[in-house]
Structure formats: C-alpha cells, structure tokens
Amino acid sequence: MVSWKEEYSVGVSELDEQHKSLFGLLDKLSAAIEQKDKLSLGYIVTSLELYVVFHFTSEEHLLAKYGYPGLAKQEQEHGVFKARVARYKAEMSKGDKIALAGEIRQYLHDWLVGHIIDQDKKYSAFMIEKRGGG
Ligand SMILES: [Fe+2]
C-alpha cells in the first residue's frame, strides 16, 4: 500500500488532493504489478504520466500566481521528472513490462516523497501566508 501521509501536507488543499491522487495511482500500479496484469500496466503508467503533467502545471500556476520565489527550482525538478516518466512510458512498449513497472513504481514513489519533503514543503508557509491557508 502506497499512501499519502499527513506529514506530506503542503498546506494547500487542492495540491494535497492532487498528491493523494498520485499516490492512489501508484497504489493501482502496485496492484497491477502484484496481479501481473500486463494489460493495465501501460494504461496506469500513461495515466500517471498525464496526471503528473496536470499536477505540475497546477502547482506551478499557483506558485507563479502568488509570486513564490522558489518557482524556478520547482520547474526545473518537475522538468527532469516529466522527462524521466516519458522515457519510462516509451520503454514500457518493449522489454519486461512487470520488471520495468516495478522499477517505475519505486522511482516514482521515492521521487515523489523526496520532492514533497524537500521542495514542496518549502512553499507551504509562504502559500499559507499568501492565501490564508486551505
Ligand atoms: Fe513540486
């Protein structure tokens, strides 16, 4: 079970909800790997790729709207991650899908947790102050 934890909260409810959805997709990916459901793997990885783009766009938009000074660093980390996910998705069409999906799951999970803790939490106080919380 891959799940969002209270300690991951960034103080902006819509971004927390999106982070929860990302963990939800990772959980679906874990289930498909466990069930060796190759048919669903490609679908879930594509969903993750699209949702990641949607989430980063939302996050960057909100940070830009409130003038967050660390936006460039966020955009840079998001860009690297998007490229990695797109490459993984392309690799899914060849090779051992189950093994690759396991690697993708691990990479996405570790990156997401690390990014939320190291980068996203940094905008938390700033955004709560600017937006009044929630
Ligand atoms: Fe971020």
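An account of the accompanying structure is given in this report. (Residues numbered from 1 in each chain as written. Predicted model: local features only at pLDDT ≥ 70, side-chain atom pairs only at ≥ 80, totals over all residues.)

### Some remarks on unusual backbone geometry
Logical step 1: Phi angles above zero are rare outside glycine, and K36 is one such case at about 50 degrees.
Logical step 2: Tracing the chain through its elements places K36 in the loop between helix 1 (13–34) and helix 2 (38–65).
Logical step 3: Classification of K36 as exposed rests on a count of 10 C-beta atoms within 10 Å. (Helix = DSSP H or I, 4+ residues; strand = E, 2+ residues; numbered from the N terminus. Buried ≥ 20, exposed ≤ 12 C-beta atoms within 10 Å, placed from the backbone.)

### Let's talk about the packing of helix 1 against helix 2
Logical step 1: Viewed as axis vectors pointing N to C, helix 1 and helix 2 meet at an angle of 165 degrees, and their least axial separation amounts to 10 Å. Viewed along their axes, helix 1 and helix 2 adopt a mutual orientation that is roughly antiparallel. In this structure, helix 1 meets helix 2 at a crossing whose hand is left-handed. Residue-level contacts link L15, Q18, S21, L22, L25, K28, L29 and A32 of helix 1 to S40, L41, I44, S47, L48, Y51, H55, S58, E59 and L62 of helix 2. (Axes fitted to C-alpha atoms, helices over the stretch in contact; angles between N-to-C directions. Parallel < 35°, antiparallel > 145°, perpendicular 65-115°, else oblique. Left-handed = near helix turned anticlockwise from the far one by under 90°. Contact = placed C-beta atoms within 7 Å.)

### Focus on helix 2
Logical step 1: Between its first and last C-alpha, helix 2 extends 41 Å over 28 residues, near the 40 Å set by a 1.5 Å rise per residue.
Logical step 2: When we look at burial in helix 2, the residues that qualify are L41, I44, V45, L48, V52, E59 and L63.
Logical step 3: Lining the buried residues of helix 2 we find helix 1, helix 3 (71–91) and helix 4 (97–131). (Expected span 1.5 Å × (residues − 1).)

### Quick look at the environment of Q106
Logical step 1: Summarising the element assignment, Q106 is placed in helix 4.
Logical step 2: Residues Q106 and A72 lie 34 residues apart in sequence; the distance between their C-alpha atoms is 26 Å.

### Some remarks on the environment of H19
Logical step 1: Relative to the helices and strands, H19 resides in helix 1.
Logical step 2: Its 22 C-beta neighbours within 10 Å are what place H19 among the buried residues.
Logical step 3: Remark: the alpha-carbon pair of H19 and L112, spanning 93 residues in sequence, is separated by 8.6 Å.
Logical step 4: Not counting residues within four places of it along the chain, the set of residues in contact with H19 comprises W4, Y8 and I116.

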